[in-house]
Structure formats: structure tokens, C-alpha cells
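# Notes for the structure review
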Amino acid sequence: MDAQTVKQNDAQYIAHTYGRFPVVLEKGKNATAWDSEGKSYIDFTSGIGVNAFGWANDGWVEAVTQQLGKLQHTSNLYFTEPCTLAAKLLCEKTGMKKVFFANSGAEANEGVIKAARKYSFVKYGKERRTIVTLKNSFHGRTMGSLSATGQEVYHNFFFPFVGDFKFAPANDLESTLASFTDDVCAVMMEMIQGEGGVMPLDQEYVKAVYDYCKQHDILFIVDEVQTGMGRTGSLMCYEQFGIKPDLVSCAKGLGGGLPIGAVLFGEKTEEVFVPGDHGSTFGGNPVVCAGAVYVLEHLTDDFMAEVAQKGAYLKERISKMKHVKSVVGMGMMLGIELEGYEAKAVVGKLLESGLMVLTAKYKIRLLPPLSITKEELEKGLSILEQTLETL
Ligand SMILES: Cc1ncc(COP(=O)(O)O)c(C=O)c1O
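Structural notes, computed from the coordinates. (Residues numbered from 1 in each chain as written. Predicted model: local features only at pLDDT ≥ 70, side-chain atom pairs only at ≥ 80, totals over all residues. Heavy atoms only, no water.)

### A word on empty space enclosed by the protein
By the definition in use, this model includes 1 cavity of 30 Å³ or more. Its boundaries defined by the atoms lining it, the largest cavity holds a volume of some 40 Å³. Lining the largest cavity, in full, are H73, T74, S75, N76, T80, T281, G283, G284, N285 and P286. Class assignment for the residues of the lining of the largest cavity results in 1 nonpolar, 9 polar and no charged. (1 Å grid on protein atoms, 1.4 Å probe; cavity = no way out; pocket = protein on both sides within 12 Å on 5 of 7 lines; lining within 4 Å. Points joined across faces, edges and corners; volume = space filled by probe spheres on them. Nonpolar A, V, L, I, M, F, W, Y, C, P; charged D, E, K, R; others polar.)

### Re the environment of V293
You can see V293 is positioned in helix α9 (residues 286-298). Taking the C-alpha atoms as reference, V293 lies 10 Å from E81; in sequence the two are 212 residues apart. The contact partners of V293, leaving out residues within four places of it in the chain, are P82, L85, A86 and L89. (Helix = DSSP H or I, 4+ residues; strand = E, 2+ residues; numbered from the N terminus. Contact = heavy atoms within 4.5 Å.)

### Focus: unusual backbone geometry
Working note: non-glycine residues mostly have negative phi, and peptide bonds are mostly trans. With an omega dihedral of -5°, the bond running from F159 to P160 counts as a cis peptide bond. Relative to the assigned elements, P160 resides in the loop between α6 (143-148) and β6 (165-168). With phi around 65°, D164 is a residue other than glycine that occupies positive phi space.

### So, the layout of surface pockets
Of the voids in this model, the second largest pocket is the one considered here, and its volume is about 680 Å³. Those elements that provide at least two residues to the lining of the second largest pocket are α4 (81-94) and β4 (98-102). The element contributing the most residues to the lining of the second largest pocket is β4, with 4 residues. A breakdown of the residues in the lining of the second largest pocket according to their chemical character gives 13 nonpolar, 10 polar and 3 charged.

### Observations regarding the packing of helix α3 (residues 58-68) against α9
The geometry of α3 relative to α9 is characterised by a closest axis approach of 8 Å and an angle of 150° between their N-to-C directions. Relative to α9, α3 is oriented roughly antiparallel. Considering how the two elements wind past one another, α3 and α9 form a crossing that is right-handed. Where α3 abuts α9, its residues G59, W60, A63, V64, Q67 and L68 lie against P286, V287, A290, G291, Y294 and V295. For the contact of α3 with α9, the class distribution of residues is 9 nonpolar, 3 polar and no charged. (Axes fitted to C-alpha atoms, helices over the stretch in contact; angles between N-to-C directions. Parallel < 35°, antiparallel > 145°, perpendicular 65-115°, else oblique. Left-handed = near helix turned anticlockwise from the far one by under 90°.)

### Focus on the packing of aromatic side chains
Counting across every chain of the model gives 8 aromatic pairs. Geometrically, the ring pair formed by F265 and F273 is edge-to-face, given 5.7 Å between the ring centres and 80° between the ring planes. Both residues of the pair, F265 and F273, belong to the buried class. In this structure an aromatic cluster arises from ring pairing among F53, Y294 and F303. One Lys or Arg, R117, reaches over the ring of F165 and ends 5.1 Å from the middle of that ring. The ring of Y124 is capped by R128, whose NZ or CZ atom sits 4.0 Å from the centre of that ring. (Phe/Tyr/Trp six-rings, centres within 6.5 Å; stacked < 30°, edge-to-face > 60°. Buried < 20%, exposed > 50% of the residue type's maximum accessible area, 1.4 Å probe, protein only. Lys NZ or Arg CZ within 6 Å of the ring centre and 35° of its normal.)

### Side note on the site of the ligand
Not every one of the 13 residues close to the ligand is listed here, only the nearest: G105, A106, F138, D223 and Q226. The contact in question runs from an oxygen atom of the ligand to an N or O atom on the side chain of E195, over 3.4 Å. One of the side-chain N or O atoms of Q226 is found 2.8 Å from an oxygen atom in the ligand. For the ligand, whose free accessible area comes to 390 Å², the fraction covered by protein is 81%. Ranked by residue count, the leading element in the shell around the ligand is helix α5 (residues 105-124), at 3 residues. (Near = heavy atom within 4 Å. Polar contact = N/O pair within 3.5 Å; in protein donor to acceptor, adjacent residues only side chain to side chain. Areas by Shrake-Rupley, 256 points an atom, 1.4 Å probe, with all protein chains shown as cover.)

### Things to note about the environment of L201
Mapped onto the fold, L201 is located in the loop between β9 (199-200) and α8 (203-216). Through-space distance from the C-alpha of L201 to that of G329 is 9.9 Å; in sequence the pair is 128 residues apart. Contacts of L201, omitting those with residues within four sequence positions, involve L134, A170, N171, M189, E190, M191, V206 and F241.

### A few points about the pattern of salt bridges
Scanning all chains against the criterion turns up 19 salt bridges. Of the charged contacts, one joins K374 and E378 as a salt bridge, the two residues approaching to 3.0 Å between their closest N and O atoms. Taken together, the residues span about one helical turn, with K374 and E378 both in helix α12 (residues 374-389) at a distance of 4 residues. (Salt bridge = Lys/Arg side-chain N within 4 Å of Asp/Glu carboxyl O.)

### Re α12
With 16 residues, α12 extends 22 Å from end C-alpha to end C-alpha; this agrees with the ideal 22 Å at 1.5 Å per step. Within the span of α12, buried status applies to E376, L377, G380, L381, I383, L384, T387 and L388. In an axial view of α12, the angular spread of the buried residues amounts to 160°, which keeps them on one side of the axis. Every exposed residue of α12 that faces more than 90 degrees away from the buried side is listed here: K374, E375 and Q386. (Expected span 1.5 Å × (residues − 1). Arc of directions from axis to C-beta.)

The structure is reproduced here in C-alpha cells:
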């Protein structure tokens, strides 16, 4: 099918929820994609932090297709190997105790919200159910996760939202602690606010809130949907903050390109859910979990050290480029602020020149595949440099 027909079909038959760039992607290998006209692009997006090992990674494709030829789906009424292996690896690598598999980040967040409320209900009764999240956060687009999202712009049209969420200002310890009234059962935060503009939290702030929560049996929930799975140079970003959360949500990079979400339960919460409390038809799907097993097995300490190095290199190179005001983030999750230019004005130009990037608020956001090669990095950086030169 030619590119024009694809675009026409999209316009006619797909709900208009996305603003797309005028490119029809056809195939990819690691961090290089080709469109339907044969033009190539360097990928600094990994499908918004999903393709941890890039496109069409040989080992990942083999793991997924082998499973596809055996059992594509079974329902959760039976045991299957891939989801137990993925859960075992997640627990062994994080020290968390149990896993519930869902299909997306928003769904994983629905799971942590339900688990936190049940934990508190059983122990303290139904009045202790408020969850504090942070202003400028993003937790997803389902009703619960949207209600947890601390950005006014998302709180439109779809009333009524799920009640009993409160929003505290990020990095403001006094106000955050003041929000912990008797009705609060949990606090939930991203270590780096991704959609909020790649805004890392302060270490001292996170640790102080965490310590307070520990003392008061307020569950500490970390949303690692964007920051997790090696993205910031450690398996989970919270490891770099010296904390051990009670509940963690992850998704995106976990499946390496297949839809998955996961709730990780710590010591306090591992027994919260009993049969009937929560479920998902597709959660723990064997094909998707075979992809996750591949990803988890290959996120070794050495590999993540390379992610940290590549991230530091990107930061250093980009900081010196024309019009760049600042580069913030950790590992390969970076936000670039330009002097005098909004990111949106630049991403189209970069794409025309063969580089795919993202935006987050007013910043250019980079989430390259963790497996990007030095050569691909250099190509991408030189396109970025040249494009910024000509602004
Ligand atoms: C921190 C965070 N939480 C949750 C979500 C929602 O994930 P999904 O789009 O898979 O539902 C996102 C998506 O960008 C995210 O960045």
C-alpha cells in the first residue's frame, strides 16, 4: 500500500486522538528505521521508551516467535512458564516480592491504586484512602490513573474523576508532608517526571518523604513506567534514590515492544490481593512475557553501566550545541531546553533531516533504544547539531 493510501485510511478510519508526523514507517533495525519511501531515520525515541533493545533485535524476535509457535494465549486459569519466569526475574532483580501482570502503564497504575487502598482499608478502615500524587505528574489515561495525574490540563471533559487524590508540589517537602492528613494511605511519584518535562526529583526530597511514609505506614508507590527497565542506568530509577518502595508500577520497556504492564509488590503489600480482587484477560500473556524474559535477562549490570555512559556522553555533547540552554535527566532519559525555541518548532525539522525525537512540554525529549550503537548515536547527534546550527 502506498504512503498516501495509508494516510487516507488513517484519516478516515482511525479516531483522531493523535497528531502524527507525515511519515509511514515500514521497518527498523536497532535504532534505525526506514519509511515507505526508503528514507532512513535514527531513532532517539524507542517508541516512547518501549523498544529497549531497538527494532527487530534478533534474540528478542527469536524468543517471542518461539513462544508464538507454542501457545499464544491461555487465560489466567492455567499456569504457563513465561509469566512465572518474568515475575521471578523481576523479583530477583529488584528485591520486590510478587508481581501482577497487566497490559500497559495506566493499567499497572490502576493496580497499585487498588492495592494501596485495599492495604489501608483492611488495616485502618475505609476512611483512610486518599492517595497523594505530585503536581505535574503523569500516570496514564484510564479514569483512575488520570485522576491520579497532577496536571490540570488532563482534568477536563470526563467528569466525575475518581475521588480522593491530592496533589502536592514536587520537591517541596514542607507542603508534601502537610498534605499527609489522617485520610492518606499512600503517596505515588515518578522519580523523573517524564511527560511533565523530564523533571528529576531531588534525592533529599524523595528520601525525606520516604522516611516519613515508613514511620506512618503510608505506602510509598513509585511509577517506573517511563523511568524503569534500565532507562536511567539502573534497572529501576528508584535504586539511585536509596529507597525501597512498597509498590512499583512498570510497563513500556519491560516487553521490549509488546504491550505489558506490571505491579510489583513489596513486603508489606505482597499478600494484599486475593483471588477475585484483581485480574486481566491478557495480563501475563505468554508471548508478551517471553519478550519480557528476554529483556530482563539482557538488562545486566554491565549493559546498564553502558546505558549510563551513553547517557552521559549524549548530555555532554548536546550541552555544547548551539541554542541549548540545558540538558537534564538520567541515563538515556533526557530533556533538552532550547534558548528561544520551543521544542515543537524543531522536531519536524529534525525528522525531515532523519532524526526522530520526542517532546515533553517545552523540551525536546530523548529516549533512545538502550541498545543504540555508537555509530547510530553519532549519526543522530550530528543531525541534531546541524539542525540546531541552522535555526
Ligand atoms: C510515568 C508514566 N506513567 C504511566 C504512563 C501510562 O502508560 P501507558 O501509556 O502504557 O498506559 C506513562 C506513559 O507515558 C508514563 O510516562
